[in-house]
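# Chain and residue survey
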Amino acid sequence: MSEFLGQDIKFLPGVGPKRAELLKKELNIVTFGDLLYYFPYKYIDRTKFYSIREINAQMPHIQVKGKITSLEVVGSGQKQRLTAQFYDDTGSIELIWFQGVKYQKESLKLNTTYTIFGKPSEFNGRINVVHPEIESEGDITLSPSGIFQAHYITTENLKKGFIHSKMIHKMILVLLEKMQGKVQDTLPEPVLRHLKLMPLEKALHNIHKPDSNLDLRNARFRLKFEELFMIQLKILSLKHNRDDKFMGYPFTHVGYNFNTFYHNFLPFSLTEAQKRVLKEIRKDLGRNIQMNRLLQGDVGSGKTMVALMSALIAFDNGFQACLMAPTEILAQQHYASISRMVSGMGLGIELLTGSTKASERPAIHENLLAGRIQLLVGTHALIEDTVNFKNLGLVIIDEQHRFGVAQRAKLWQKNDAIPPHVLVMTATPIPRTLAMTVYGDLDVSVIDELPPGRKPIQTMHFFDNKRADVYNFLRRELANGRQVYIVYPLISESEKSDLKNLEEGYRHISEEFTGIEVGMVHGRMKPAQKDAAMQSFKEGKTRILVATTVIEVGVDVPNASVMVIESAERFGLSQLHQLRGRVGRGAEQSYCILMSSYKITNESRKRLGTMVRTNDGFEIAEMDMRLRGPGDIEGTQQSGIGFDLKIANLAKDVQILELARETASTILTKDPRLETPEYIILRKSLASSQKTEFEWSVIS
Ligand code: ADP
Ligand code: MG
């Protein structure tokens, strides 16, 4: 950072220690640089003037030239206010001040031309403007550029300290004056030239005080690019670093286990997507660099098979593998289906979870150390310190977002010299832009195809008044031997009343469907109880399962054909999609029924509409990001990479992001250590942030 940008904000004329303290506390602005990089959130076109006749109270803001004919202080004490009659050739409006009454009364002059700016409202049939910005002719601060006026987000506390948007703008104008020639560009000259980017000083100037519409656009582009480029450069250089540092076991060949399974045991043909992903994994495993791969695939896309076949490659090279799932029931499910698929191959496969009996554990530990167990399937129990492998070569983590970074790190350490390869699987599709950022240093494989013969789930949205019809529909499905999930949302923050909500639902459903076994599961049950309830549904003993979102992850009951989601407007898109994925796993047509009240917000309407329209998890993820903004998407906060974007938007700036990544990648390929003179500035800015984030990269 140049010396200028690093200066303490309190030394800026007009700021001083008190305001500096406030800026720091409220906006985390400490230096000149922080303030310069505090970008406006909107611009108002100040070239537009209205005549008073045109104004109505619905306009967001108005700018009018006129004169004051009378000033009057009305009321007294707390209620005191100053009113001014403000007119032009076409009519008059009232200006009102509740604060600074005395000051305004003394400083405003009658019959002088003023420009006022503010939000119009209506009272007793008259238009008024409360606390307008008001300035006399020739004063430049109201409309500094004469084109767009920048507006900044402030807080209540800042406003109390008289730091409102306009004040921030004034400070920045002073700073821009002082900045001339003192700020070194952060981007290398060849990049600026090649992409025709606006130089930094000019961009900072134009972002706060645009000279023209075009200049503003170019300034925004440049600053967005810079922001995304720095993130990509950081991520990609971490990856380069890691590839350098972390050796992996080369799994050089595909042998007996893989081939035998492929030719004699595989119960279906692989989809093209599964084949492609396996090739990608195979290639990674063959190098002597540790694999760190994220496997994304929608629910039901067949990730387990990919996991198993990757493990077979590990066995072929004399290594062990483990598969870790987030819940007991999922671990059991994996263990059961994998054991079934490879039965007859003579492989050592074992299950280890929290409920594995203490008496069985010593044998498992021993067999692991001796290498007699080749694949260990389990839950968090796998990362306990007592669990040691002979030679763990591949770690597979299912439903990645349920595991914390620290837990993954522990698995990592199960091998001393060389870390095992890591394959992380997730059914939560992440928009591509986000994947490039949050998981930017992982390699990503995508299964974008479902096995053939699946009937797409039909999704319908009903308002609560159609409940009787929905129940009739459920009766028909139940009569055909199918099973039904009914999911209730968390309504209040209190677990107690949520439980009450669920229990009421359970009672209601039991009464409505007499003669049908109804089960219930929720998060407050003990794991054993929960598993028993799930098991009983799995075996078809209970036909309707009333549940909270605990059933969201991975559970496989092919005979369940209907998912009813109550108060669906309360769920996020990705959660709705996850829930829907619980059905559609068998040969029968499956349905997802979204129930909602009649009064729902526009955004809820869009969410439910998206669910009805598409089954495509990636499309849903993109929409989710657009509706909620990238910050709220699962994975961003946990990622630990700690970027908060100041100007770029991952939902909107896809092209800039791609350009940034490409540029960063090209530079690192040419000059991995950023040693050539033109790239040295990049190395400097990376060096400061790299230290803290390195750890994260190692274990992702
Ligand atoms: P997920 O990706 O959600 O973990 P699973 O691995 O559980 O999906 O697979 C869902 C179902 O699809 C399983 O019953 C599995 O046996 C089946 N399956 C996987 N791959 C194929 C395929 N290529 N052809 C047919 N069925 C498949
Ligand atoms: Mg799965």
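Now for a look at the structure at hand. (Residues numbered from 1 in each chain as written. Chains lettered and ligands numbered in written order. Predicted model: local features only at pLDDT ≥ 70, side-chain atom pairs only at ≥ 80, totals over all residues. Heavy atoms only, no water.)

### Quick notes on the overall build of the chain
For clarity, the cut-off: A helix here means a DSSP run of H or I that spans at least four residues, while a strand means a run of E at least two residues long, and both kinds are numbered starting from the N terminus. Summary of the burial criterion: residues with accessible area below 20% of their type's maximum are buried, those above 50% are exposed, and those between are partly exposed, where the area comes from a 1.4 Å probe applied to protein chains only. Whether two residues are in contact is decided by their heavy atoms: any pair within 4.5 Å suffices. Computed with the Shrake-Rupley method and a 1.4 Å probe, the accessible areas treat only the protein chains shown as cover for residues.
Across its full length, the chain holds 24 helices and 22 strands. Relative to its 700 residues, the chain shows a buried fraction of 53%. Contacts spanning at least 24 positions in sequence make up 74% of the contacts within the chain whose residues lie at least 6 apart. Only carbon and sulfur atoms are counted for the fraction: they give 51% of the accessible area of the chain, which is about 32,700 Å².

### Here we look at the environment of Leu330
One can find Leu330 in helix H13 (residues 328-342). What makes Leu330 buried here is its relative accessible area of 2%. Linking Leu330 and Gly378, residues 48 residues apart in sequence, is a C-alpha distance of 8.6 Å.

### Concerning helix H6 (residues 165-179)
Note the following rule: For a helix, the expected span equals 1.5 Å multiplied by the number of residues minus one.
In this model H6 runs 21 Å from its N-terminal to its C-terminal C-alpha over 15 residues, within 8% of the 21 Å that 1.5 Å per residue would give. For H6, the full list of buried residues reads Ser165, Met167, Ile168, His169, Met171, Ile172, Leu173, Leu175, Leu176 and Met179. The secondary structure elements touched by the buried residues of H6 are helix H1 (3-6), helix H2 (16-27), helix H3 (32-36), strand E9 (148-151) and helix H8 (200-208). In the segment just after H6, Gly181 is the residue with positive phi, at about 75°.

### Regarding the sheet that holds strand E8 (residues 133-136)
The criterion, for reference: Only strands that DSSP links by at least two bridges are regarded as paired with each other. Think of each axis as a best-fit line through the C-alpha atoms, taken over the contacting stretch in the case of a helix, with angles from 0 to 180 degrees between the N-to-C directions.
Overall, mixed pairing links the 7 strands, which are arranged E6-E7-E4-E3-E2-E5-E8 in an open sheet. The open sheet terminates on both sides in strands that have one partner only, identified here as strand E6 (120-123) and E8. The sheet shows a mean angle of 40° between the axes of neighbouring strands, direction not considered.

### A word on helix H12 (residues 303-316)
For H12, which comprises 14 residues, the first-to-last C-alpha distance of 20 Å matches the rise-based estimate of 20 Å (1.5 Å per residue) to within 8%. Judged by how many residues are buried, H12 sits mostly within the fold: 13 of 14 residues are covered. Among the residues trailing H12, Gly318 stands out with phi positive, at a value near 80°.

### Structural notes on the site of ligand 1
Here is the rule we go by: Residues are labelled near a given molecule or strand when at least one of their non-hydrogen atoms is within 4 Å of it. Polar contacts, as counted here, are pairs of nitrogen or oxygen atoms within 3.5 Å of one another; within protein the pair requires one atom able to donate a hydrogen and one able to accept it, and residues that are adjacent in sequence qualify only if both atoms are side-chain atoms. Amino acids outside the nonpolar list (Ala, Val, Leu, Ile, Met, Phe, Trp, Tyr, Cys, Pro) and the charged list (Asp, Glu, Lys, Arg) are all regarded as polar, and Gly is one of them.
Looking at ligand 1, there are 15 residues lining it, with Gln274, Gly300, Lys303, Thr304 and Arg454 nearest. Here a nitrogen atom of ligand 1 sits 2.9 Å away from a polar atom, N or O, in the main chain of Ser269. Between Gly302 and ligand 1, the recorded distance is 3.1 Å, taken from a backbone N or O atom to an oxygen atom. The fraction of the free accessible surface of ligand 1 (560 Å²) that becomes covered by protein chains is 78%. In terms of residue class, the shell around ligand 1 is built from 4 nonpolar, 7 polar and 4 charged.

### As for the pattern of salt bridges
Opposite charge on two side chains allows them to pair when their charged atoms are near. Threshold: The salt bridge definition used is simple: a Lys or Arg side-chain nitrogen within 4 Å of an Asp or Glu carboxyl oxygen.
This structure, assessed with the given rule, holds 22 salt bridges. Each member of the salt-bridge network shares a partner with another, and the members are Arg276, Glu280, Asp284, Arg287, Arg293 and Asp448.

### Some points on the side chain of Asp398
Inclusion rule: Under this rule, positive means Lys or Arg and negative means Asp or Glu; His and the chain ends count for nothing.
Summarising the element assignment, Asp398 is placed in the loop between strand E14 (392-397) and helix H15 (405-412). For Asp398, which is buried and forms no salt bridge, the nearest opposite charge comes from Lys303, at a distance of 5.7 Å. Within the local environment of Asp398, its side chain forms a polar contact with the side chain of His334, the two groups lying 2.6 Å apart.

### Some points on the packing of H12 against H13
Just so we agree on the cut-off: Each angle receives one of four descriptions, namely roughly parallel if under 35 degrees, roughly antiparallel if over 145, roughly perpendicular if within 65 to 115, and oblique otherwise. Here a crossing is taken to be left-handed if its near helix is turned anticlockwise relative to the far helix by less than a right angle, and right-handed if that turn runs clockwise.
One way to put it is that H12 packs onto H13 with a least axis distance of 11 Å and a crossing angle of 60°. When the axis of H12 is compared with that of H13, the two are oblique. Note that H12 runs across H13; the crossing there is right-handed. Listed contacts from H13 to Thr304, Met305 and Leu308 of H12 are His334, Ile338, Met341 and Val342. A breakdown of the residues in the contact of H12 with H13 according to their chemical character gives 5 nonpolar, 2 polar and no charged.

### As for the environment of Val470
Examined against the element boundaries, Val470 turns out to sit in helix H17 (residues 467-479). A C-alpha to C-alpha distance of 8.2 Å links Val470 and Ile593, two positions 123 residues apart in sequence. Other than its neighbours up to four places away in sequence, Val470 contacts Phe462, Ile593 and Met595.

### A look at the packing of aromatic side chains
What describes a pair of aromatic rings is the distance from one ring centre to the other and the angle between the planes of the rings. Under the convention used in this document: For this analysis, a ring pair means two rings from Phe, Tyr or Trp (six-membered ring only for Trp) whose centres lie within 6.5 Å, classed as stacked if their planes differ by under 30 degrees, edge-to-face if by over 60, and tilted for the remaining angles. Only when the NZ atom of a Lys or the CZ atom of an Arg is both within 6 Å of the ring centre and within 35 degrees of the ring normal do we say a charge sits over the ring.
A complete count under the given rule lists 12 aromatic pairs for this structure. When the centroid spacing of 6.5 Å and the interplanar angle of 70° are considered together, the rings of Tyr43 and Phe148 count as edge-to-face. Residue Tyr43 is located in strand E1 (residues 42-45), and its partner Phe148 is located in strand E9; the two are separated by 105 residues in the primary sequence. Across this residue pair, the class does not change: Tyr43 and Phe148 are buried. A ring pair is formed by Phe258 and Tyr262, whose centres lie 6.2 Å apart and whose planes are at 10°; its orientation type is stacked. Here the residue Phe258 and the residue Tyr262 both occupy positions in helix H10 (residues 256-265), the gap between them amounting to 4 residues, near one helical turn. Looking at Tyr262, the relative accessible area reads 34%, which means it is partly exposed. If you follow Lys48 out to its NZ or CZ, it ends over the ring of Tyr50, 5.0 Å from the centre. Above the face of the Phe49 ring, Lys65 is positioned so that its terminal group lies 4.4 Å from the ring centre.

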